[in-house]
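Each chain, written out:
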Amino acid sequence: GFKGNLILEKPFPDGFHAFLKESGADGLFVGHHHNNAFCVSDDGIRYVFGLKTGTYDFHLPGKLGSTLITLNGTEKGNFTVENIYTKFPE
């Protein structure tokens, strides 16, 4: 992945991470931002920020495609995340 400008210093409200932990979540998958596509782990939860898919507005050259999330069974945390870059004419 890659990190450009972060959108917010604190992207979630107070207590949100604790709520995810209490609910048994092991991953949170969010949309995209034109300068960012990355996966970070915090206390057993992976936060996945997807790759931008299209050329319809601002985008970083060479940073378009999709984010593939593959579930590898039913055990907690058993998934992989892969950015698949697509070649578009610039």
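Residues numbered from 1 in each chain as written. Predicted model: local features only at pLDDT ≥ 70, side-chain atom pairs only at ≥ 80, totals over all residues. Heavy atoms only, no water.

A.B. asks: Just checking my understanding: could you explain the overall build of the protein for this structure?
C.D. replies: Of the regular secondary structure elements, the protein holds one helix and six strands. Seen in sequence order, the protein has helices and strands lined up from the N terminus as β-α-β-β-β-β-β. In the protein, which comprises 90 residues, the share counted as buried stands at 27%. Sequence-distant contacts in the protein: of pairs separated by 6 or more residues, those separated by 24 or more amount to 41%. Carbon and sulfur atoms provide 57% of the accessible area of the protein, an area that totals close to 6,100 Å². (Helix = DSSP H or I, 4+ residues; strand = E, 2+ residues; numbered from the N terminus. Buried < 20%, exposed > 50% of the residue type's maximum accessible area, 1.4 Å probe, protein only. Contact = heavy atoms within 4.5 Å. Areas by Shrake-Rupley, 256 points an atom, 1.4 Å probe, with all protein chains shown as cover.)

A.B. asks: How do you make sense of the side chain of Arg46 when you look at a structure like this?
C.D. replies: With respect to the helices, strands and loops of the structure, Arg46 is situated in strand 4 (residues 45-50). One buried charged side chain, Arg46, makes no salt bridge at all; its nearest oppositely charged neighbour is Asp26, positioned 6.5 Å away. In terms of polar contacts, Arg46 uses its side chain to reach the backbone carbonyl oxygen of Gly77, at 3.1 Å. In this view, Arg46 contacts Asp26, Gly27, Leu28, Cys39, Val40, Ser41, Gly77, Phe79 and Val81; residues no more than four positions away in its chain are not counted. (Lys, Arg positive; Asp, Glu negative; His and termini not counted. Salt bridge = Lys/Arg side-chain N within 4 Å of Asp/Glu carboxyl O. Polar contact = N/O pair within 3.5 Å; in protein donor to acceptor, adjacent residues only side chain to side chain.)

A.B. asks: What is the right way to read a nonpolar patch on the surface from this model?
C.D. replies: On the surface, Phe29, Ile69 and Leu71 cluster together to form a nonpolar patch covering roughly 290 Å² of accessible area. Locating Phe29 in the fold gives a position in strand 2 (residues 27-32). Of the residues examined, Phe29 reaches a relative accessible area of 40% and is grouped as partly exposed. (Patch = residues over 30% accessible without salt bridge, like charges linked within 9 Å, V, L, I, M, F, W, Y side chains within 5 Å.)

A.B. asks: What's the story with the packing of aromatic side chains in this structure? I'm lost.
C.D. replies: Aromatic ring pairs: the centre-centre distance and the angle between the two ring planes describe each pair. Going through the model one piece at a time under the given rule, you end up with three aromatic pairs. Seen in terms of ring centroids, Phe38 and Phe49 are 5.6 Å apart; in terms of plane orientation they differ by 80°. Their pairing is edge-to-face. Taken together, the residues Phe38 in strand 3 (residues 36-42) and Phe49 in strand 4 connect sequence positions eleven residues apart. Residue Phe38 is classed as buried on the basis of its relative accessible area, which comes to 17%. (Phe/Tyr/Trp six-rings, centres within 6.5 Å; stacked < 30°, edge-to-face > 60°.)

A.B. asks: How should I be thinking about the environment of Leu20 in this particular structure?
C.D. replies: With respect to the element layout, Leu20 can be found in helix 1 (residues 16-23). With 25 residues separating them along the chain, Leu20 and Ile45 place their C-alpha atoms 8.0 Å apart. Setting aside residues up to four positions removed in sequence, Leu20 forms contacts with Ala25, Leu28, Ile45 and Tyr47.

A.B. asks: Just to check I follow, could you spell out the nonpolar core for this structure?
C.D. replies: In terms of nonpolar packing, the biggest core is built from five residues, these being Leu20, Ala25, Leu28, Ile45 and Tyr47. The contact partners of Ile45, leaving out residues within four places of it in the chain, are His17, Leu20, Lys21, Ala25, Asp26, Gly27, Leu28 and Val40. (Core = buried A, V, L, I, M, F, W, Y, C linked by side-chain atoms within 4.5 Å.)

The analysis is restricted to geometry; functional conclusions fall outside its scope.
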